[in-house]
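Structural characterization, general
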Amino acid sequence: MKLLARYNRVNLVTTIIVMLITGIVYYQAINLILTDKIDKDLVVEENEIFDYVNLNHQLPQVFESNDQQITFTEQSPGSVKRSFINTLYRNREREDHERVEHGEHSEHPKKHRHRHEEEFESGRGLITSITAGGKYYKILIVESKVETEDLIQIIFAITAGVILLLLITLFVTNRLLLNRLWQPFYNLLKELRLFNVADNKDIPQLQTTIEEFNELNKAIVTMSSRVKSDYKDLKTFTENASHELLTPIAVINSKLDTLIQTDNFSQQQSKLLNDLYSAVSRLTRLNQSLLLLVKIENKLVGDKQFIDLHSSLQEIIIQFDEIFQDKELKVSSELDDKVLHGSPYLIDILLNNLLSNAIRHNYNGGTIIIKLNEEKLVIQNTGDNAALQNEQIFRRFHKSSNSEGSGLGLTISRQICENLGFTLNYTFEGIYHTFTIIF
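Attention here is on the structure that accompanies the text. (Residues numbered from 1 in each chain as written. Predicted model: local features only at pLDDT ≥ 70, side-chain atom pairs only at ≥ 80, totals over all residues. Heavy atoms only, no water.)

**A closer look at the sheet that holds strand S2 (residues 83-89)**
Within a sheet, each strand pairs with its neighbour through backbone hydrogen bonds, oriented either parallel or antiparallel. Strand order in the open sheet made by the 4 strands is S1-S4-S3-S2, with antiparallel pairing throughout. Taken across any chain shown, the strands that pair with only one partner, and hence form the sheet edges, are strand S1 (68-74) and S2. Sheet twist, expressed as the mean angle between neighbouring strand axes with direction ignored, is 30°. (Pairing = 2+ DSSP bridges. Helix = DSSP H or I, 4+ residues; strand = E, 2+ residues; numbered from the N terminus. Axes fitted to C-alpha atoms, helices over the stretch in contact; angles between N-to-C directions.)

Below, the structure written as structure tokens:
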């Protein structure tokens, strides 16, 4: 998940949770405020009743209104406790209005009133008491909360709309603003993807007002310059070392040739000379292999063209024919047509290394199987009846105790495959050591 998407998700979820909690608190606060206002109205009505009874020594006449009802009930003295309650309120005028809207007539008012007796709405009541005319009365003053609830719903709907608009604005603003703020980072990322240590192109200095991105850009520019400098030093050292090694190796070969031609040697001297020749030959191959590996790793081998892999394999099999016969190896091949785009030099080294490996680690009278199709190249050979360590065999200078190679053949083969965008794998299937190149 991208950082921007994760930030937007966390920001949005956090904002929604905060808004929900705030909305609930806001709703309860408005409800308490409006309920307190109704309670004050009920107290005002209570005081008016007390004032009327004090002046007239009798209960006031009760008139039912749209939003208020007052009832007096005779009780035993001291049995009523003053309190505010939430109750139900039946609005008769609303019921009559509904009957008129539904086309009902007044010929049977009792019947219609009975049908609407169960229609109630929420109300707020005050229970209190008073003594009038020597009698103790319970007073119930009830006011409708419909208008209050409607007002709360309107306020809450407006608030919810404002919150929704705020969320949308916040989301769009964050998306547009953060995309613009992070643009220097994506530019740096693009430059890093295009960075090649062998190119002369430097990473440009970005112009941005964000200090962190400026620091990151400076660090990347400094690092790339240091890497290029180290690479040039290493390349120069490798080339010089290779060149310096070639000269003494050539001199040693020349002197050995001259020495052999000077006089007859004993068996011991001939063995020593043969060992010297072998050591110099291995040193020459090692020097060439290391140079090749450096060139492949740094993608310094160009000259890419289309290669007929079917024909290349046939030519190499013919070149190795004498070696096959010398070790009495049974070679079978199933080759389909396959065209690759790459360096002929690298492809030739890759095929030579894999076939040489199959020959070197085989036994006399063994088998080599070569299969080529559109998806992969498979080279199988008999040998030790035990699987090799999969990743160890591709490491530099890893070889068996009886191997005469430099230990770089499979390392170079895998590096060539990575350079060409292929995958080289090893498996042990039955009696065959299997190397598979997946195109």
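**Comments concerning the side chain of Glu46**
Checked against the element boundaries, Glu46 lands in helix H1 (residues 3-56). Of the residues examined, Glu46 reaches a relative accessible area of 3% and is grouped as buried. (Buried < 20%, exposed > 50% of the residue type's maximum accessible area, 1.4 Å probe, protein only.)

**Let's talk about the pattern of salt bridges**
Applying the stated criterion across every chain, the model contains 6 salt bridges. Lys228 is the partner of Asp202 in a salt bridge, and the nearest nitrogen-oxygen pair spans 3.6 Å. Taken together, the positions of Asp202 in the loop between helix H5 (183-194) and helix H6 (211-262) and Lys228 in helix H6 put the pair 26 residues apart, joining distant regions of the chain. (Salt bridge = Lys/Arg side-chain N within 4 Å of Asp/Glu carboxyl O.)

**Quick look at the packing of aromatic side chains**
As enumerated under the stated definition, the model contains 7 aromatic pairs in all. Among the aromatic side chains, those forming a connected cluster through ring pairs are Trp182, Phe185, Tyr186 and Phe213. (Phe/Tyr/Trp six-rings, centres within 6.5 Å; stacked < 30°, edge-to-face > 60°.)

**Describing the nonpolar core**
The biggest cluster of nonpolar side chains holds 39 residues, and the ones touching the most others in it are Ile370, Leu377, Ile416 and Ile437. Top element by residues in this core is helix H10 (residues 344-360). It accounts for 9 residues. Not counting the four nearest positions on each side in its chain, Leu377 is found in contact with Leu313, Leu351, Ile370, Lys371, Leu372, Phe435, Thr436, Ile437 and Phe439. Grouped together as the second largest cluster of nonpolar side chains are 11 residues, Ile38, Leu42, Ile70 and Ile141 included. (Core = buried A, V, L, I, M, F, W, Y, C linked by side-chain atoms within 4.5 Å. Contact = heavy atoms within 4.5 Å.)

The values are spatial; any link to function lies outside them.
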